[in-house]
Amino acid sequence: MKKSILIFIIILSVFLCSCGNLDTVNKNNNSIKKEIFAMDTVMQLTVNGENAADAVRAAEQEINRLERLFSTSLVDSEVWAVNTNGKATLSDDSAELIKASQTINHDTNGAFDITIYPLVKLWGFHDKNFRVPSQDEIDENLKLFGSDKLVFDENTNELSFNESNMAIDFGGIAKGYTSERIINIFKDYGIESAVISLGGNVQTLGHKPDSSEWSVGIQDPDDNTNLIGTIKATDLAVITSGGYQRFFEEGDTKYHHILDPKTGKPANNGLKSVSIVCDNGTLADGLSTSLFVMGTEKAIEYWKNHHENFDTVLITDDDKIIVTSGLAELFSSNYDYEIVEY
Ligand code: AMP
Ligand code: MG
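Just so we're clear, the structure is a prediction, and the values are computed from it rather than from any experiment.

Student: Honestly, unusual backbone geometry in this entry has me stumped. Any pointers?
Tutor: Excluding glycine, most residues fall at negative phi; most peptide bonds, likewise, are trans. Located in the positive-phi region is asparagine 109, a residue other than glycine, with phi close to 60 degrees. Relative to the helices and strands, asparagine 109 resides in the loop between helix 4 (92-107) and helix 5 (117-122). Take asparagine 109: its relative accessible area is 68%, and that puts it in the exposed class. For aspartate 319, which is not glycine, the phi torsion reads 65 degrees and is therefore positive. Inspection of the secondary structure assignment puts aspartate 319 in the loop between strand 17 (311-316) and strand 18 (321-324).

Quick look at the structure:
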């Protein structure tokens, strides 16, 4: 009797484990929802179409492959190798990210800079051993900093640092690159309807199965159960950077994870969050971090000079919602908001 109960429990657990693999599968309309934990975040993939199961499997492999390249902490990742040895020959994916990061660094006048990693570590954001460093420590680490000290050979993909102890971090751009890669994989599998969220960073493909548009919520920075608005998004990335996403508190002060390269401290330039909307996930991710660092006025000025490439929703420290004009028809909200024109 006891033996049969044991066998029943084993069969039941095997059954439950195998069910947990694909979270929701709707065989009738080939719709799959899958949740994955990777890159230190929860990712949700919703895919509709005949090849949805294969497409999701391929996407998951791709996420794991990219994490093994871009992670700062996984021993033997490409980023780990270059940070440890001061040089490495990169894969084409990491090379793409270096090139995109350097372009954004240049265009944003240094607001975005992947050589920020020594400072990310100094504040403990890499391993959650948070602490407020002294000004001397910040100054020492700022000396290591600067994308102009990266040497990258586009022919050989070799990256090196021209100062020892430098280190890079793709944390501000890798998820956008990953979401773009996933959408491209879905397209390769003939998928025409999908939405993915990588820790709240969303990219959409086509429409919902009922032909209506995907709607992407913009989170209230002060209340993670509330949305300040939604964006109708077809074939678009909607990527948000906000101080509320990762922070620690000491005394009465909150210290968040987006650092201002000018000060080596958490950016404190008047914004609670920045959402970037455009068709290029990598650019959207890089710019969300950059505009958050720039602050309200410079962010709006930057948008005016580059309005053909992206749109943005800014939430200011005094709770103003500022929406750029390309979103006039796509953004809706129960709150007051201001639309800026270029
Ligand atoms: P995001 O959430 O896309 O804004 O990215 C924030 C992450 O990017 C941080 O956790 C750091 O790993 C990294 N980071 C912080 N400040 C910067 C910066 N100024 N430029 C580039 N990357 C940064
Ligand atoms: Mg970013």
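Student: What am I meant to see in the coordination of the magnesium ion (ligand 2) here?
Tutor: Ideal geometry at a metal gives 109.5 degrees between four tetrahedral donors and either 90 or 180 degrees between six octahedral ones. Distances from the magnesium ion (ligand 2) to its protein donors, Gly172 (O), Asp285 (O), Asp285 (OD) and Thr289 (OG1), fall at 2.0 to 2.4 Å. Summarised as a motif, the one-chain spacing of the donors to the magnesium ion (ligand 2) is G-x112-D-x3-T. Linking glycine 172 in the loop between strand 6 (158-161) and helix 7 (174-188) with threonine 289 in helix 8 (residues 281-294), this pair joins segments that are 117 residues apart in sequence. The same class applies to glycine 172 and to threonine 289, which are both buried.

Student: Would you take a moment to explain the packing of aromatic side chains for this structure?
Tutor: Ring pairs (aromatic) are described by centroid distance and by the angle formed between their planes. In this structure the tally under the stated criterion is 10 aromatic pairs. Seen in terms of ring centroids, phenylalanine 331 and tyrosine 337 are 4.8 Å apart; in terms of plane orientation they differ by 85 degrees. Their pairing is edge-to-face. Overall, the relative accessible area of 33% leaves tyrosine 337 in the partly exposed class. Members of the aromatic cluster, joined through ring pairs, are Trp123, Phe125, Phe130, Phe248 and Tyr255. Against the face of phenylalanine 247 rests lysine 254, its NZ or CZ located 4.7 Å from the ring centre.

What counts and what doesn't
- Residues numbered from 1 in each chain as written.
- Chains lettered and ligands numbered in written order.
- Predicted model: local features only at pLDDT ≥ 70, side-chain atom pairs only at ≥ 80, totals over all residues.
- Heavy atoms only, no water.
- Helix = DSSP H or I, 4+ residues; strand = E, 2+ residues; numbered from the N terminus.
- Buried < 20%, exposed > 50% of the residue type's maximum accessible area, 1.4 Å probe, protein only.
- Donors = N, O, S within 2.8 Å, 3.2 Å for Na, K, Ca; no water.
- Phe/Tyr/Trp six-rings, centres within 6.5 Å; stacked < 30°, edge-to-face > 60°.
- Lys NZ or Arg CZ within 6 Å of the ring centre and 35° of its normal.

Limitation: the analysis is restricted to geometry and does not speak to function.
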